[in-house]
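Inside the fold
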Amino acid sequence: MNKGCVLCMVGVAGMAVIIGRIHVAAEPGGVGANLGGCTPGIGPDVVVGNIAVLSKWGTVGEISGYSMFTESCNLGDENLLWQALTPNHPVIGQNLYRLHNGRFEQLGMSWLKHGFSALALNLCCTCQDPGNTGLLGVGCSDPYSAGLNGRQEGMNCGGIVCGGLGPRSEVNASTGSFLFPYGDAGLAGDFIYKRLQVHNADLDPELNPGALYYGEGHYVTPDDAAAGNHHNNASYRPANVGLFSTGGWNISFVGTTTRELPAIYAWQDNDPAVVIEIVDDDSAGRFFLGYRATDNGDGTWHYEYALHNLNSHRSAGAFGIPIPACVTVTNIGFHDVDYHSGEPYLPTDWVASVDGGMVSWSTDAFDPKNDVANALRWGTLYNFRFDADMPPVSATATIGLYRPADPPGTPTDLSVSTLGPAAPPCPWDIDGDGFTVVPDLLSVLGSWGTNPGGPPDFDCDGVVAVPDLLALLANWGACPGQGPCGDPAAGSCFAANGTPGCSSLECCETICAADPSCCDTAWDAGCKDMANQLCADCGSPAAGDCCQPNGSPGCDDLACCGLVCESDPFCCQFEWDELCANEAQAVCSCP
């Protein structure tokens, strides 16, 4: 099944086995923001050094099967185990994504190529050859051709099948552990069985004009995870859709490989307004949340979120965004990716609801006796979207973890900074005079027991009643944020928000005293830069290291501080905590 292979002799656990290997001479990839370079980290550290050659195997119905060349590098200071006949070797996942009309979605996934021997090449660094194909040496690289990565049945390694494609469902990506021998070992099938499967319609240029495509390779292995080096194991590369032939679309890679970052960063590469947050769970797993809010130009805003589970074994079973009372939400959407070839998970879409001050999506609850729910499991990306009639402000999203904690007692939810709709400004000021006073009280009493479809039904529960009266009395007097300063709808002071003023009253008044145009015209990049310097300790040596939690607002590197605070104003308004330091490590030049 392996096309264009050469034969070589490789020792596996004391036995000589003939296998097919071919090295594609491919250019070194580009550099990702987390690249450790060739100064070794602690322990074994496998990364995807390059992705190349995306082969099409054939089409069944309207689904085509693909596989890609991947070359791994060991950037650690210890050899990485690569033992074919034990569960101490890497497994390799292959994914394909599309960016189209501002949406970054996963189109397909493969089963996992099981590693069986390692060469000693020099793609990333100078290789220290261990002289043993059961190890990937320090600084060494190892190529697997597209043919090998698409070989369904594997090979006979002394009576045990090795080197084939095995299920993702048998892998704990947080620990790097998996079953071996793996399920369906030795089985082959049609053109698409176990391979990277993509619907032809998702690639059709006429149906997806202007779309951009990205392939991703992802290695998972136990000793890399045990060393805490498993968060940089995915890399991505742009791809082009070519001609339609033999039932499917041909795909080829272009550009260079961005190392040590998952493909969700391609969304940000093409749209600087996209923000990506990193959030870790208690199982040593990591999620990436990408988000973007866009003005529809008709009094509504579009909110787009992409949640990628890199390696969380607990997985995600729910996702929610806070929605203030009386905000209208429409066009709620969801997108996932298809499991296939006998993986046990159901294809059921997550159920969306607007309730309890949240717009949320969820799958079935975890069942330890029948774990088949369509949770957001490792190596997958799901999308959530909606429109709302209020502009964006800073908000906190909730990721509901799918699997229970072990041991019990740790949080069931994760919180992550994002954008969500603002609350309607001062709804208690019914007559719009800037004050909540007697005329507004009389409006509440005059509408008592009715459903006006808005204020004075302040909680939008369908009837003007006691809670609405209490809400008005609690907000008696001048409306908060009168004028451009302090208005939550104005946007962050640490971003060029395009509106007059910003959401922090004190910071806004400080900046506008120095430059009135920030409040009279628009809060532009110059206003943002002043806020970074005057409202926080951005660039001050006394503020502390940007790459570490320092306890003060801001940090010592002006450019890095501004970049982080633009996406997470908390870091400059309150405290540069661990989340701020994590964001800095993702987007700045941290040692």
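Details of the structure are given in the entry above.
Since the structure is predicted, the reported quantities are computational estimates derived from the model, not experimental observations. (Residues numbered from 1 in each chain as written. Predicted model: local features only at pLDDT ≥ 70, side-chain atom pairs only at ≥ 80, totals over all residues. Heavy atoms only, no water.)

**Details of the overall build of the chain**
Along its length, the chain carries 11 helices and 31 strands. Relative to a compact globule of 591 residues, whose C-alpha radius of gyration would be 25 Å, the chain shows 27 Å and is just as compact. Taken along the three principal axes of its C-alpha coordinates, the chain extends 90 × 55 × 50 Å. A burial count over the chain gives 54% of its 591 residues as buried. Long-range pairs, those at least 24 residues apart, make up 66% of the contacts in the chain between residues at least 6 apart in sequence. Accessible surface, the chain: about 22800 Å² in total, of which carbon and sulfur atoms supply 56%. Here the chain contributes 20 positive and 66 negative side-chain charges, whose respective centroids are spaced 17 Å apart. (Helix = DSSP H or I, 4+ residues; strand = E, 2+ residues; numbered from the N terminus. Rg over C-alpha atoms; globule rule 2.2 N^0.38 Å. Buried < 20%, exposed > 50% of the residue type's maximum accessible area, 1.4 Å probe, protein only. Contact = heavy atoms within 4.5 Å. Areas by Shrake-Rupley, 256 points an atom, 1.4 Å probe, with all protein chains shown as cover. Lys, Arg positive; Asp, Glu negative; His and termini not counted. Charge placed at Lys NZ, Arg CZ, Asp CG, Glu CD.)

**Topic: the environment of R103**
Relative to the helices and strands, R103 resides in strand β7 (residues 103-109). Taking C-alpha positions, R103 is 23 Å from I51, a pair spaced 52 residues apart along the chain. Every residue in contact with R103, bar those within four places of it in the chain, is listed here: R98, H302, E304 and R385.

**As for the pattern of salt bridges**
Scanning the entire structure with this criterion turns up 12 salt bridges. Note that D280 is salt-bridged to R286, the shortest N-O span being 2.7 Å. Taking the relative accessible area as the measure of exposure, D280 reaches 33% and is therefore partly exposed. Taking the relative accessible area as the measure of exposure, R286 reaches 15% and is therefore buried. With a closest N to O distance of 3.0 Å, D371 and R403 form a salt bridge. Residue D371 is located in the loop between β26 (358-362) and β27 (380-388), and its partner R403 is located in the loop between β28 (392-401) and β29 (413-421); the two are separated by 32 residues in the primary sequence. One connected set of salt bridges, linked through shared partners, spans R98, R103, E105, D202, E304 and R385. (Salt bridge = Lys/Arg side-chain N within 4 Å of Asp/Glu carboxyl O.)

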